[in-house]
Amino acid sequence: MTGRRRHWLGQAALAYEAAGRLHDAARCRQEAGEPLPAAELYERAGELELAAACYLRAGSVAEAARCHLAMGRPEAAADCWERVGRPLEAAWILIVAARKPERGGWVLRAHVPGTLGQRLRHDVALAMCAALPGEGGGDTGPLAAALAAVERDLDQVRPAAERLLVERWAVEAATEVARYDLAALVFAAAHRSGLRGAAGRWRAWAERALGGSSGIPVETEERRAG
């Protein structure tokens, strides 16, 4: 494609967007070889399947998976992660969103975690296979053990972005099986580790899950900055 054609496609996309014709704007961005702006426009237009395809072409796997989840297609979201070699994320969606613990467990058992954070997430996800209600399920013992390891080792997880993922998965797992005591222990560990925003997330979770946040620490400016 010539630079001149790309320029005019960009101008057309701007004009369509200004007129509220988001599908046409997205189509122009797509034709111009700009999959990420196209995906964002398709998503704004509510055309999530087209958005997901463009996000994948742009390498924005998390956004593509999010679109599939919004469409009620968790297995398609998991496939996005598997396609780019992210089995942990794929397995988590299969277990928690798709309620396919057998398939999720199979994915997990074929994966060897490379870091402490990945190992903690792997063990939480594997424990969820046994904890979810259903045939052969409902055993929260392995999950309690996995979350105890999270509480013990969370402060050693690096970088902070991975520590946040461990916190999120652990809290989601505990909440899924109504073990709010375990979720609180994970939040407390995250707060002690200095993870940014932990107390705020803890308070927001308590309001939703427990109907109140009495006794939960308020995050200090010093800790938020850390």
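Residues numbered from 1 in each chain as written. Predicted model: local features only at pLDDT ≥ 70, side-chain atom pairs only at ≥ 80, totals over all residues. Heavy atoms only, no water.

Participant: Explain the pattern of salt bridges residue by residue, including any values.
Facilitator: Enumeration according to the criterion identifies 20 salt bridges in this entry. In this structure, E31 and R27 form a salt bridge, with 3.4 Å as the shortest nitrogen-oxygen distance. In this pair, E31 and R27 both sit in helix 2 (residues 22-31), 4 residues apart, roughly one turn of the helix. Between E82 and R103 there is a salt bridge whose closest N-O contact spans 3.2 Å. Of this pair, E82 sits in helix 6 (residues 74-83) while R103 sits in helix 8 (residues 101-109), and the two are 21 residues apart along the sequence. Connected via shared salt-bridge partners are R5, R21, D24, R27 and E31. (Salt bridge = Lys/Arg side-chain N within 4 Å of Asp/Glu carboxyl O. Helix = DSSP H or I, 4+ residues; strand = E, 2+ residues; numbered from the N terminus.)

Participant: I'd like to hear about helix 1 (residues 3-18), residue by residue, with values.
Facilitator: End to end, helix 1 covers 23 Å across 16 residues, agreeing with the expected 22 Å (1.5 Å per residue, within 8%). Among all positions of helix 1, only L9, G10 and A13 are buried. Angularly, the buried residues of helix 1 cover 105° about the axis, an arc narrow enough to put them on a single face. Of the exposed residues in helix 1, the ones pointing more than 90 degrees away from its buried face are R4 and A18. One or two positions beyond helix 1, positive phi appears at G20, with a value near 80°. (Expected span 1.5 Å × (residues − 1). Buried < 20%, exposed > 50% of the residue type's maximum accessible area, 1.4 Å probe, protein only. Arc of directions from axis to C-beta.)

Participant: Outline the nonpolar core, listing residues and values.
Facilitator: Within the largest apolar cluster, 67 residues are counted, with the highest numbers of intra-cluster contacts made by W92, I95, V124, M128, L143, L147 and V150. The leading source of residues in this core is helix 7 (residues 87-97), at 8 residues. Residues contacting W92, with those up to four places away along its chain left out, are A97, V124, A125, M128, W169, E172 and A173. (Core = buried A, V, L, I, M, F, W, Y, C linked by side-chain atoms within 4.5 Å. Contact = heavy atoms within 4.5 Å.)

Participant: Tell me what's going on with helix 3 (residues 35-44), and back it up with residues and numbers.
Facilitator: The complete set of buried residues in helix 3 reads A38, A39, L41 and Y42. Across the axial projection of helix 3, the buried residues extend over an arc of 165°, all falling on one side. Looking at the packing, one finds that the buried side of helix 3 touches helix 1, helix 2 and helix 4 (48-57).

Participant: Provide a residue-level description of the confidence of the model for the protein chain, including the pertinent values.
Facilitator: The predicted model of the protein chain has a mean per-residue pLDDT of 93, with 95% of residues at 70 or higher. At the level of individual helices and strands, the protein chain shows its lowest average pLDDT in helix 14 (residues 221-225), which scores 42, and its highest in helix 3, which scores 98. Below a pLDDT of 50 lies the segment residues 221-226, which in the model reaches 9 contacts outside its immediate sequence neighbourhood of four places, other chains included. (pLDDT = per-residue confidence, 0-100.)

Participant: Explain the packing of helix 4 against helix 5 (residues 61-70) to me, using residue names and the numbers behind them.
Facilitator: Two elements in contact, helix 4 and helix 5, have axes separated by 8 Å at closest approach and are oriented at 160°. The angle between the axes of helix 4 and helix 5 places the two elements in the roughly antiparallel class. Like other packed secondary-structure pairs, helix 4 and helix 5 cross with a definite hand, here left-handed. Taken together, the residues of helix 5 that come into contact with helix 4 (itself represented by L48, A51, A52, Y55 and L56) are V61, E63, A64, R66, C67, H68 and A70. The class makeup of the residues in the contact of helix 4 with helix 5 is 9 nonpolar, 1 polar and 2 charged. (Axes fitted to C-alpha atoms, helices over the stretch in contact; angles between N-to-C directions. Parallel < 35°, antiparallel > 145°, perpendicular 65-115°, else oblique. Left-handed = near helix turned anticlockwise from the far one by under 90°. Nonpolar A, V, L, I, M, F, W, Y, C, P; charged D, E, K, R; others polar.)

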